[in-house]
Amino acid sequence: MPTRILPAVGDADAVRSLTTLLSQLPDAEPVAPVTDSTQLVDTLARLAAESIDELPEVVVVHERIGPVPALELIREVALRFPAVGVILVTSDAGPGLFQAAMDYGARGLVALPLSYEELASRVNAVAQWSMGVRRHLGAGGDVFSGVGGTVVTVSGAKGGVGATLTAIQLALAAQASGRSAALLDMDLQTGDIASYLDIQFRRSVVDLAAINDITPRVLADAVFRHDTGVALLLAPGDGERGEEVTDRAARHIVSALRSRYEVVVIDCGSQLSGASAAAVEMADTALLVTTPDVVAVRAAKRTVRMWDRLQIRKAEETMIVVNRHTRGAEIQPALIQRITGTGIAATAIPANFKELQGPVDSGRVHELDPKSTIKQALWGLAGELGLVKGTEGTVQPHRNGRARGADRAALTFRRRKEIGR
(Lines give C-alpha, C1' and ligand atoms only; values in the text may rest on other atoms or scores of the structure.)
Protein backbone atom coordinates (compact mmCIF):
# COMPACT_ATOMS: atom_id res chain seq x y z
CA MET A 1 0.00 0.00 0.00
CA PRO A 2 1.52 3.38 -0.99
CA THR A 3 2.41 5.89 1.73
CA ARG A 4 0.47 9.14 1.37
CA ILE A 5 2.67 12.14 2.21
CA LEU A 6 1.35 15.68 2.63
CA PRO A 7 4.00 18.42 2.43
CA ALA A 8 3.32 21.66 4.35
CA VAL A 9 5.77 24.19 2.94
CA GLY A 10 5.38 27.94 2.53
CA ASP A 11 8.45 28.60 0.38
CA ALA A 12 8.04 27.95 -3.36
CA ASP A 13 11.62 26.75 -3.89
CA ALA A 14 11.42 24.43 -0.90
CA VAL A 15 8.12 23.03 -2.22
CA ARG A 16 9.75 22.06 -5.52
CA SER A 17 12.77 20.52 -3.85
CA LEU A 18 10.75 18.54 -1.32
CA THR A 19 8.07 17.28 -3.71
CA THR A 20 10.73 16.18 -6.22
CA LEU A 21 12.47 14.05 -3.60
CA LEU A 22 9.21 12.68 -2.20
CA SER A 23 8.07 11.57 -5.65
CA GLN A 24 11.26 9.50 -5.97
CA LEU A 25 10.67 7.54 -2.77
CA PRO A 26 9.56 3.92 -3.24
CA ASP A 27 5.85 3.30 -2.57
CA ALA A 28 5.33 7.01 -1.88
CA GLU A 29 2.25 8.92 -2.96
CA PRO A 30 2.83 12.66 -2.41
CA VAL A 31 -0.39 14.68 -2.36
CA ALA A 32 -0.81 18.32 -3.34
CA PRO A 33 1.22 20.48 -0.91
CA VAL A 34 -0.36 23.03 1.41
CA THR A 35 1.26 26.43 1.86
CA ASP A 36 0.30 27.53 5.37
CA SER A 37 -0.75 26.22 8.76
CA THR A 38 -4.43 27.06 8.38
CA GLN A 39 -4.66 25.21 5.07
CA LEU A 40 -2.96 22.17 6.62
CA VAL A 41 -5.31 21.93 9.60
CA ASP A 42 -8.37 22.53 7.42
CA THR A 43 -7.28 19.86 4.94
CA LEU A 44 -6.69 17.28 7.67
CA ALA A 45 -10.00 18.18 9.33
CA ARG A 46 -11.88 17.70 6.07
CA LEU A 47 -10.26 14.31 5.48
CA ALA A 48 -10.81 13.19 9.08
CA ALA A 49 -14.50 14.08 8.79
CA GLU A 50 -14.81 11.55 5.97
CA SER A 51 -12.79 8.75 7.60
CA ILE A 52 -9.56 8.23 9.48
CA ASP A 53 -8.44 6.10 6.52
CA GLU A 54 -8.54 9.20 4.31
CA LEU A 55 -5.80 10.92 6.32
CA PRO A 56 -2.23 10.85 4.95
CA GLU A 57 0.16 8.63 6.89
CA VAL A 58 2.88 11.31 6.93
CA VAL A 59 2.87 15.11 7.05
CA VAL A 60 6.14 16.89 6.33
CA VAL A 61 6.28 20.36 7.96
CA HIS A 62 8.90 22.86 6.80
CA GLU A 63 10.43 25.09 9.49
CA ARG A 64 9.29 28.28 7.70
CA ILE A 65 5.62 27.37 7.59
CA GLY A 66 3.28 30.10 8.83
CA PRO A 67 1.41 31.88 10.26
CA VAL A 68 1.49 29.40 13.16
CA PRO A 69 5.11 28.50 14.09
CA ALA A 70 6.21 25.02 13.05
CA LEU A 71 6.46 23.53 16.55
CA GLU A 72 3.04 24.84 17.61
CA LEU A 73 1.56 23.52 14.37
CA ILE A 74 3.09 20.09 15.05
CA ARG A 75 1.55 20.13 18.52
CA GLU A 76 -1.91 20.85 17.11
CA VAL A 77 -1.65 18.19 14.40
CA ALA A 78 -0.37 15.59 16.86
CA LEU A 79 -3.20 16.31 19.29
CA ARG A 80 -6.08 16.56 16.83
CA PHE A 81 -4.97 13.90 14.34
CA PRO A 82 -3.03 11.28 16.31
CA ALA A 83 -3.00 8.80 13.41
CA VAL A 84 -0.82 11.17 11.36
CA GLY A 85 2.96 11.09 11.76
CA VAL A 86 4.71 14.45 11.47
CA ILE A 87 8.26 15.05 10.22
CA LEU A 88 9.94 18.43 10.74
CA VAL A 89 12.29 19.68 8.02
CA THR A 90 14.75 22.18 9.48
CA SER A 91 18.18 23.75 8.99
CA ASP A 92 18.86 23.30 12.73
CA ALA A 93 19.24 19.60 13.39
CA GLY A 94 20.88 20.04 16.79
CA PRO A 95 19.92 18.00 19.86
CA GLY A 96 18.02 20.92 21.42
CA LEU A 97 15.58 21.31 18.54
CA PHE A 98 15.36 17.55 18.12
CA GLN A 99 14.23 17.16 21.74
CA ALA A 100 11.79 20.09 21.41
CA ALA A 101 10.30 18.61 18.24
CA MET A 102 9.78 15.27 19.94
CA ASP A 103 8.18 16.99 22.94
CA TYR A 104 5.75 18.76 20.63
CA GLY A 105 4.71 15.51 18.96
CA ALA A 106 6.94 15.15 15.89
CA ARG A 107 7.90 11.61 14.92
CA GLY A 108 11.05 12.56 13.08
CA LEU A 109 13.38 15.36 12.00
CA VAL A 110 15.17 15.80 8.67
CA ALA A 111 18.00 18.30 8.21
CA LEU A 112 18.39 20.79 5.38
CA PRO A 113 19.74 20.52 2.74
CA LEU A 114 17.62 17.48 2.08
CA SER A 115 19.23 14.09 1.64
CA TYR A 116 17.39 11.34 -0.23
CA GLU A 117 18.62 8.61 2.09
CA GLU A 118 17.73 10.46 5.28
CA LEU A 119 14.31 11.50 3.99
CA ALA A 120 13.50 7.96 2.80
CA SER A 121 14.53 6.48 6.14
CA ARG A 122 12.44 8.93 8.17
CA VAL A 123 9.36 8.65 5.95
CA ASN A 124 9.46 4.85 6.10
CA ALA A 125 9.81 4.79 9.90
CA VAL A 126 7.04 7.34 10.45
CA ALA A 127 4.72 5.59 8.00
CA GLN A 128 5.17 2.31 9.89
CA TRP A 129 4.40 4.12 13.15
CA SER A 130 1.27 5.71 11.64
CA MET A 131 -0.07 2.38 10.42
CA GLY A 132 0.46 0.92 13.88
CA VAL A 133 -1.55 3.74 15.44
CA ARG A 134 -4.37 3.14 12.94
CA ARG A 135 -4.51 -0.51 13.87
CA HIS A 136 -4.75 0.59 17.49
CA LEU A 137 -7.56 3.00 16.61
CA GLY A 138 -9.39 0.19 14.88
CA ALA A 139 -9.20 -1.76 18.14
CA GLY A 140 -10.90 1.08 20.01
CA GLY A 141 -7.90 2.77 21.58
CA ASP A 142 -8.39 5.70 23.92
CA VAL A 143 -7.21 8.55 21.73
CA PHE A 144 -8.51 11.84 20.47
CA SER A 145 -10.38 11.89 17.19
CA GLY A 146 -12.58 14.24 15.21
CA VAL A 147 -12.14 17.54 13.48
CA GLY A 148 -12.24 19.73 16.57
CA GLY A 149 -15.01 21.61 18.30
CA THR A 150 -16.11 25.24 18.41
CA VAL A 151 -14.46 27.45 21.02
CA VAL A 152 -16.30 30.48 22.43
CA THR A 153 -14.77 32.78 25.03
CA VAL A 154 -16.90 34.97 27.29
CA SER A 155 -15.19 37.97 28.88
CA GLY A 156 -16.59 40.74 31.03
CA ALA A 157 -16.01 44.40 30.26
CA LYS A 158 -15.76 44.80 34.04
CA GLY A 159 -16.63 42.71 37.06
CA GLY A 160 -20.29 41.99 37.73
CA VAL A 161 -21.67 42.39 34.19
CA GLY A 162 -22.80 38.73 33.92
CA ALA A 163 -20.03 36.99 31.98
CA THR A 164 -20.06 33.85 34.14
CA LEU A 165 -23.82 33.40 33.96
CA THR A 166 -23.66 33.89 30.19
CA ALA A 167 -20.92 31.28 29.81
CA ILE A 168 -22.79 28.74 31.93
CA GLN A 169 -26.06 29.12 30.03
CA LEU A 170 -24.35 28.89 26.63
CA ALA A 171 -22.75 25.58 27.64
CA LEU A 172 -26.04 24.29 29.06
CA ALA A 173 -27.89 25.20 25.87
CA ALA A 174 -25.33 23.41 23.70
CA GLN A 175 -25.45 20.29 25.87
CA ALA A 176 -29.25 20.25 26.01
CA SER A 177 -29.42 20.36 22.21
CA GLY A 178 -27.47 17.11 21.95
CA ARG A 179 -23.95 18.44 21.57
CA SER A 180 -21.09 17.48 23.87
CA ALA A 181 -20.13 20.65 25.75
CA ALA A 182 -17.27 21.63 28.05
CA LEU A 183 -17.13 24.71 30.27
CA LEU A 184 -13.67 25.99 31.22
CA ASP A 185 -13.22 28.53 34.04
CA MET A 186 -10.24 30.63 32.93
CA ASP A 187 -11.01 33.33 35.51
CA LEU A 188 -8.14 31.78 37.41
CA GLN A 189 -8.10 33.87 40.60
CA THR A 190 -11.76 34.65 41.13
CA GLY A 191 -13.66 32.05 39.09
CA ASP A 192 -17.18 31.38 40.39
CA ILE A 193 -18.56 28.63 38.16
CA ALA A 194 -18.37 26.10 41.00
CA SER A 195 -20.38 28.45 43.26
CA TYR A 196 -23.01 29.10 40.61
CA LEU A 197 -23.50 25.34 40.24
CA ASP A 198 -23.04 24.49 43.95
CA ILE A 199 -20.46 21.78 43.42
CA GLN A 200 -17.48 20.52 45.41
CA PHE A 201 -14.42 19.56 43.40
CA ARG A 202 -10.89 18.29 43.87
CA ARG A 203 -9.34 18.73 40.42
CA SER A 204 -8.92 22.00 38.59
CA VAL A 205 -7.33 23.45 35.48
CA VAL A 206 -4.08 23.81 37.45
CA ASP A 207 -3.71 20.02 37.49
CA LEU A 208 -3.22 20.11 33.72
CA ALA A 209 -0.87 23.10 33.62
CA ALA A 210 2.38 21.15 33.84
CA ILE A 211 1.34 18.25 31.58
CA ASN A 212 2.74 18.38 28.06
CA ASP A 213 0.79 15.42 26.71
CA ILE A 214 -2.86 15.79 27.77
CA THR A 215 -4.37 12.45 26.80
CA PRO A 216 -8.12 11.78 26.93
CA ARG A 217 -7.64 9.78 30.12
CA VAL A 218 -5.71 12.61 31.80
CA LEU A 219 -8.35 15.12 30.71
CA ALA A 220 -11.17 12.91 31.95
CA ASP A 221 -9.53 12.74 35.39
CA ALA A 222 -9.42 16.55 35.60
CA VAL A 223 -12.95 17.45 34.47
CA PHE A 224 -16.03 17.38 36.68
CA ARG A 225 -19.08 15.84 35.04
CA HIS A 226 -22.09 17.91 36.03
CA ASP A 227 -25.58 16.41 36.36
CA THR A 228 -26.59 18.26 33.18
CA GLY A 229 -23.89 16.44 31.22
CA VAL A 230 -21.64 19.48 30.79
CA ALA A 231 -17.96 18.75 31.45
CA LEU A 232 -16.51 21.33 33.84
CA LEU A 233 -12.84 22.25 34.10
CA LEU A 234 -12.77 24.61 37.04
CA ALA A 235 -10.56 27.39 38.36
CA PRO A 236 -8.42 26.48 41.38
CA GLY A 237 -9.90 26.90 44.85
CA ASP A 238 -6.72 28.74 45.87
CA GLY A 239 -6.61 31.73 43.55
CA GLU A 240 -2.87 32.26 43.83
CA ARG A 241 -2.32 28.94 42.07
CA GLY A 242 -3.80 30.43 38.92
CA GLU A 243 -0.35 31.77 38.08
CA GLU A 244 0.71 28.19 37.33
CA VAL A 245 -1.46 28.24 34.19
CA THR A 246 0.79 29.92 31.63
CA ASP A 247 -0.21 31.06 28.17
CA ARG A 248 1.38 27.93 26.69
CA ALA A 249 -0.42 25.67 29.16
CA ALA A 250 -3.70 27.41 28.32
CA ARG A 251 -3.19 26.74 24.64
CA HIS A 252 -2.57 23.04 25.27
CA ILE A 253 -5.62 22.77 27.53
CA VAL A 254 -7.94 24.54 25.09
CA SER A 255 -6.66 22.39 22.22
CA ALA A 256 -7.29 19.22 24.27
CA LEU A 257 -10.85 20.31 25.07
CA ARG A 258 -11.50 21.33 21.48
CA SER A 259 -10.42 17.88 20.32
CA ARG A 260 -12.73 16.15 22.78
CA TYR A 261 -15.92 18.24 22.78
CA GLU A 262 -18.14 19.72 20.10
CA VAL A 263 -18.56 23.00 21.99
CA VAL A 264 -16.06 24.56 24.41
CA VAL A 265 -17.19 27.65 26.34
CA ILE A 266 -14.51 29.54 28.29
CA ASP A 267 -15.25 32.04 31.06
CA CYS A 268 -12.31 34.47 30.90
CA GLY A 269 -13.55 36.86 33.59
CA SER A 270 -12.78 40.56 33.39
CA GLN A 271 -9.05 40.54 34.18
CA LEU A 272 -6.55 39.82 31.41
CA SER A 273 -3.80 37.28 32.01
CA GLY A 274 -1.44 35.48 29.68
CA ALA A 275 -3.69 32.40 29.84
CA SER A 276 -6.93 34.25 29.10
CA ALA A 277 -5.20 36.22 26.32
CA ALA A 278 -4.22 32.95 24.64
CA ALA A 279 -7.78 31.62 25.01
CA VAL A 280 -9.39 34.73 23.49
CA GLU A 281 -6.95 34.69 20.59
CA MET A 282 -7.62 30.99 19.88
CA ALA A 283 -11.41 31.31 20.05
CA ASP A 284 -13.67 30.91 17.04
CA THR A 285 -15.94 33.53 18.62
CA ALA A 286 -14.94 35.99 21.36
CA LEU A 287 -17.80 37.53 23.32
CA LEU A 288 -17.44 40.64 25.48
CA VAL A 289 -20.32 41.14 27.91
CA THR A 290 -21.27 44.64 29.00
CA THR A 291 -24.21 46.41 30.61
CA PRO A 292 -25.82 49.52 29.09
CA ASP A 293 -24.28 52.07 31.42
CA VAL A 294 -21.49 54.60 30.92
CA VAL A 295 -18.93 52.92 33.19
CA ALA A 296 -19.35 49.45 31.68
CA VAL A 297 -19.38 50.71 28.09
CA ARG A 298 -16.19 52.70 28.71
CA ALA A 299 -14.63 49.55 30.18
CA ALA A 300 -15.71 47.58 27.10
CA LYS A 301 -14.08 50.15 24.84
CA ARG A 302 -10.84 49.98 26.88
CA THR A 303 -10.85 46.18 26.67
CA VAL A 304 -11.38 46.17 22.92
CA ARG A 305 -8.56 48.67 22.42
CA MET A 306 -6.25 46.68 24.70
CA TRP A 307 -6.94 43.45 22.83
CA ASP A 308 -6.13 45.25 19.59
CA ARG A 309 -2.90 46.79 20.94
CA LEU A 310 -1.71 43.44 22.25
CA GLN A 311 -2.70 41.79 18.95
CA ILE A 312 -5.02 39.40 20.75
CA ARG A 313 -8.09 40.20 18.69
CA LYS A 314 -9.29 42.96 16.40
CA ALA A 315 -12.37 44.96 17.28
CA GLU A 316 -14.32 43.70 14.27
CA GLU A 317 -13.58 40.11 15.36
CA THR A 318 -15.13 40.70 18.79
CA MET A 319 -18.86 40.45 19.54
CA ILE A 320 -20.48 42.56 22.24
CA VAL A 321 -23.32 41.02 24.27
CA VAL A 322 -25.52 43.55 26.07
CA ASN A 323 -26.79 42.34 29.45
CA ARG A 324 -29.53 43.94 31.60
CA HIS A 325 -31.01 45.63 28.58
CA THR A 326 -34.16 47.72 28.84
CA ARG A 327 -35.99 49.41 26.01
CA GLY A 328 -36.10 52.70 27.82
CA ALA A 329 -32.39 52.88 28.55
CA GLU A 330 -30.52 55.84 27.14
CA ILE A 331 -27.66 53.59 25.97
CA GLN A 332 -28.87 51.08 23.38
CA PRO A 333 -26.93 48.25 21.64
CA ALA A 334 -26.50 50.21 18.40
CA LEU A 335 -24.78 53.03 20.29
CA ILE A 336 -22.48 50.56 22.09
CA GLN A 337 -21.53 49.08 18.74
CA ARG A 338 -20.60 52.51 17.37
CA ILE A 339 -18.57 53.35 20.47
CA THR A 340 -16.59 50.09 20.57
CA GLY A 341 -16.30 49.39 16.84
CA THR A 342 -17.17 45.72 17.42
CA GLY A 343 -19.86 43.40 16.21
CA ILE A 344 -22.98 43.21 18.36
CA ALA A 345 -25.15 40.22 19.18
CA ALA A 346 -28.69 40.52 17.88
CA THR A 347 -29.86 38.98 21.15
CA ALA A 348 -29.81 41.33 24.16
CA ILE A 349 -30.26 39.92 27.68
CA PRO A 350 -33.13 41.62 29.52
CA ALA A 351 -32.83 43.19 32.98
CA ASN A 352 -34.82 40.98 35.34
CA PHE A 353 -32.77 40.13 38.41
CA LYS A 354 -35.77 38.75 40.29
CA GLU A 355 -35.68 35.72 37.99
CA LEU A 356 -32.07 35.09 38.95
CA GLN A 357 -31.96 35.84 42.66
CA GLY A 358 -33.21 32.45 43.90
CA PRO A 359 -31.14 30.24 41.53
CA VAL A 360 -28.01 32.33 42.09
CA ASP A 361 -28.31 32.35 45.90
CA SER A 362 -28.89 28.58 45.98
CA GLY A 363 -26.16 27.82 43.44
CA ARG A 364 -28.67 26.24 41.05
CA VAL A 365 -28.50 28.47 37.98
CA HIS A 366 -28.80 25.33 35.83
CA GLU A 367 -32.35 25.04 37.17
CA LEU A 368 -33.39 28.48 35.99
CA ASP A 369 -37.06 28.44 35.00
CA PRO A 370 -37.41 27.66 31.27
CA LYS A 371 -40.02 30.43 31.11
CA SER A 372 -37.48 32.93 32.41
CA THR A 373 -36.91 35.75 29.95
CA ILE A 374 -33.21 35.71 30.83
CA LYS A 375 -32.82 32.00 30.12
CA GLN A 376 -34.78 32.29 26.90
CA ALA A 377 -32.55 35.16 25.77
CA LEU A 378 -29.29 33.37 26.67
CA TRP A 379 -30.35 30.17 24.97
CA GLY A 380 -31.44 32.27 22.00
CA LEU A 381 -27.93 33.74 21.98
CA ALA A 382 -26.53 30.19 21.88
CA GLY A 383 -28.66 29.56 18.80
CA GLU A 384 -27.49 32.80 17.23
CA LEU A 385 -23.86 31.70 17.73
CA GLY A 386 -24.51 28.30 16.16
CA LEU A 387 -23.82 26.39 19.39
CA VAL A 388 -27.19 24.63 19.39
CA LYS A 389 -27.59 21.63 17.11
CA GLY A 390 -29.36 22.63 13.94
CA THR A 391 -28.13 26.26 14.02
CA GLU A 392 -24.61 25.73 12.69
CA GLY A 393 -23.33 28.49 10.47
CA THR A 394 -25.50 31.22 12.02
CA VAL A 395 -22.38 33.15 12.93
CA GLN A 396 -19.24 32.87 10.84
CA PRO A 397 -16.32 32.11 13.19
CA HIS A 398 -13.08 34.06 13.05
CA ARG A 399 -10.18 31.63 12.78
CA ASN A 400 -6.73 32.99 12.12
CA GLY A 401 -3.08 32.24 12.87
CA ARG A 402 -3.75 31.31 16.45
CA ALA A 403 -0.60 30.11 18.08
CA ARG A 404 1.68 32.89 16.97
CA GLY A 405 -0.82 35.52 18.06
CA ALA A 406 -1.48 33.77 21.35
CA ASP A 407 2.20 33.55 22.26
CA ARG A 408 2.84 37.08 21.01
CA ALA A 409 -0.13 38.50 22.88
CA ALA A 410 0.79 36.77 26.12
CA LEU A 411 4.44 37.84 25.79
CA THR A 412 3.43 41.44 25.12
CA PHE A 413 1.12 41.30 28.12
CA ARG A 414 3.95 40.11 30.36
CA ARG A 415 6.29 42.81 29.09
CA ARG A 416 3.73 45.55 29.68
CA LYS A 417 3.03 44.17 33.12
CA GLU A 418 6.75 44.22 33.94
CA ILE A 419 7.12 47.80 32.65
CA GLY A 420 4.17 48.88 34.82
CA ARG A 421 5.73 47.55 38.02
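The structure displayed is predicted, hence computed values, not measured ones.

Caption draft 1: Structural context of the overall build of the chain. In terms of regular secondary structure, the chain is built from 15 helices and 13 strands. Counting over 421 residues, the chain shows a buried share of 53%. Within the chain, contacts between residues at least 6 apart in sequence are counted, and of these 77% link residues at least 24 apart. Accessible surface for the chain amounts to roughly 18300 Å². Of this, 49% is attributable to carbon and sulfur atoms.

Caption draft 2: Focus on the side chain of His325. Note on placement: His325 falls in the loop between β12 (318-322) and α12 (333-340). Among all residues touching His325, those that are not within four sequence positions of it are Pro292, Gln332, Pro333, Ala348, Ile349, Pro350 and Ala351.

Caption draft 3: Focus on the packing of aromatic side chains. Under the counting rule described, the total for this entry stands at zero aromatic pairs. Arg75 extends its terminal NZ or CZ atom over the ring of Tyr104, reaching a point 5.3 Å from the ring centre. Between the NZ or CZ atom of Lys375 and the centre of the ring of Trp379, over which it lies, the distance is 4.6 Å.

Caption draft 4: Local environment of the pattern of salt bridges. The final tally for this structure, using the stated rule, is nine salt bridges. Between Glu76 and Arg251 there is a salt bridge; the shortest N-O distance is 3.4 Å. Residue Glu76 is located in helix α3 (residues 70-80), and its partner Arg251 is located in helix α9 (residues 247-260); the two are separated by 175 residues in the primary sequence. Look at Glu76 and you get buried, because its relative accessible area is 6%. Taking the relative accessible area as the measure of exposure, Arg251 reaches 2% and is therefore buried. Taking the shortest distance from any N to any O, the salt bridge between Asp284 and Arg258 comes out at 2.8 Å. Remark: Arg258 occurs in helix α9 and Asp284 occurs in the loop between α10 (274-282) and β11 (285-290); sequence separation between them is 26 residues. Given the relative accessible area of 1%, Asp284 is considered buried. Through salt bridges that share partners, Glu72, Glu76, Arg80, Arg248 and Arg251 make up one connected network.

Caption draft 5: Summary view of the confidence of the model for the chain. Here the chain averages 87 in pLDDT, and 89% of its residues register 70 or above. At the level of individual helices and strands, the chain shows its lowest average pLDDT in helix α15 (residues 402-420), which scores 39, and its highest in β11, which scores 98. Note that residues 139-147 has pLDDT below 50 and, in this model, 26 contacts with residues that lie over four places away or in other chains. Across residues 396-421, where pLDDT falls below 50, the model places 50 contacts with residues more than four positions away in sequence or in other chains.

Caption draft 6: The sheet that holds strand β5 (residues 108-111), seen in detail. Reading across the sheet, the five strands line up as β2-β1-β3-β4-β5 and stay open at both edges, with parallel pairing between neighbours. Taken across any chain shown, the strands that pair with only one partner, and hence form the sheet edges, are β2 (28-30) and β5. For this sheet, the mean angle separating the axes of adjacent strands, direction not counted, is 25 degrees. For strand β1 (residues 3-8) and strand β3 (residues 58-62), the ladder comprises four bridges, and the chain directions are parallel. The residue bridging Pro7 from the neighbouring strand is Val60, located in β3. Running over the sheet, helix α1 (residues 12-24) touches β1, β2 and β3 and is turned about 170 degrees from β1. In the packing of helix α4 (residues 95-103) onto the sheet, contacts are made with β4 (85-90) and β5, and the angle to β5 comes to roughly 145 degrees.

Caption draft 7: Inspection of the sheet that holds strand β8 (residues 224-225) at higher detail. The strand order across the open sheet formed by eight strands is β8-β9-β7-β10-β6-β11-β12-β13, and the pairing between neighbours is mixed. Each of the sheet's edge strands pairs with one partner strand only, and the pair in question is β8 and β13 (343-344). Bridging between β8 and strand β9 (residues 231-233) involves two bridges; their strand directions are antiparallel. Among the inter-strand pairings, Arg225 is bridged to a residue of β9, identified as Ala231. Helix-sheet contacts for α10 involve β6 (150-156), β10 (263-269) and β11, and the interaxial angle to β10 is about 140 degrees.

Caption draft 8: Spotlight on the pairing of strand β7 (residues 181-185). When you tally the buried positions in β7, you get five out of five residues, the bulk of the element. Residues Ala181, Leu183 and Asp185 point to one face of β7 and Ala182 and Leu184 to the other, with burial holding for every one of them. Here β7 pairs with β10 via five bridges, running parallel. The residue bridging Ala182 from the neighbouring strand is Val264, located in β10. Here β7 pairs with β9 via three bridges, running parallel. By the bridge assignment, Ala182 is partnered in β9 with Ala231.

Caption draft 9: Just the nonpolar core, in detail. Core analysis: the biggest nonpolar cluster contains 50 residues, and Leu184, Leu233, Val245, Leu257 and Ile266 have the highest contact counts within it. If near-sequence neighbours (up to four positions away) are discounted, Leu184 is found in contact with Ile193, Val205, Leu233, Ile253, Val254, Leu257, Val265, Ile266 and Asp267. Ranked by size, the runner-up nonpolar core spans 41 residues in total, among them Val154, Ala174, Leu183 and Val263.

Criteria and thresholds
- Residues numbered from 1 in each chain as written.
- Predicted model: local features only at pLDDT ≥ 70, side-chain atom pairs only at ≥ 80, totals over all residues.
- Heavy atoms only, no water.
- Helix = DSSP H or I, 4+ residues; strand = E, 2+ residues; numbered from the N terminus.
- Buried < 20%, exposed > 50% of the residue type's maximum accessible area, 1.4 Å probe, protein only.
- Contact = heavy atoms within 4.5 Å.
- Areas by Shrake-Rupley, 256 points an atom, 1.4 Å probe, with all protein chains shown as cover.
- Phe/Tyr/Trp six-rings, centres within 6.5 Å; stacked < 30°, edge-to-face > 60°.
- Lys NZ or Arg CZ within 6 Å of the ring centre and 35° of its normal.
- Salt bridge = Lys/Arg side-chain N within 4 Å of Asp/Glu carboxyl O.
- pLDDT = per-residue confidence, 0-100.
- Pairing = 2+ DSSP bridges.
- Axes fitted to C-alpha atoms, helices over the stretch in contact; angles between N-to-C directions.
- Core = buried A, V, L, I, M, F, W, Y, C linked by side-chain atoms within 4.5 Å.

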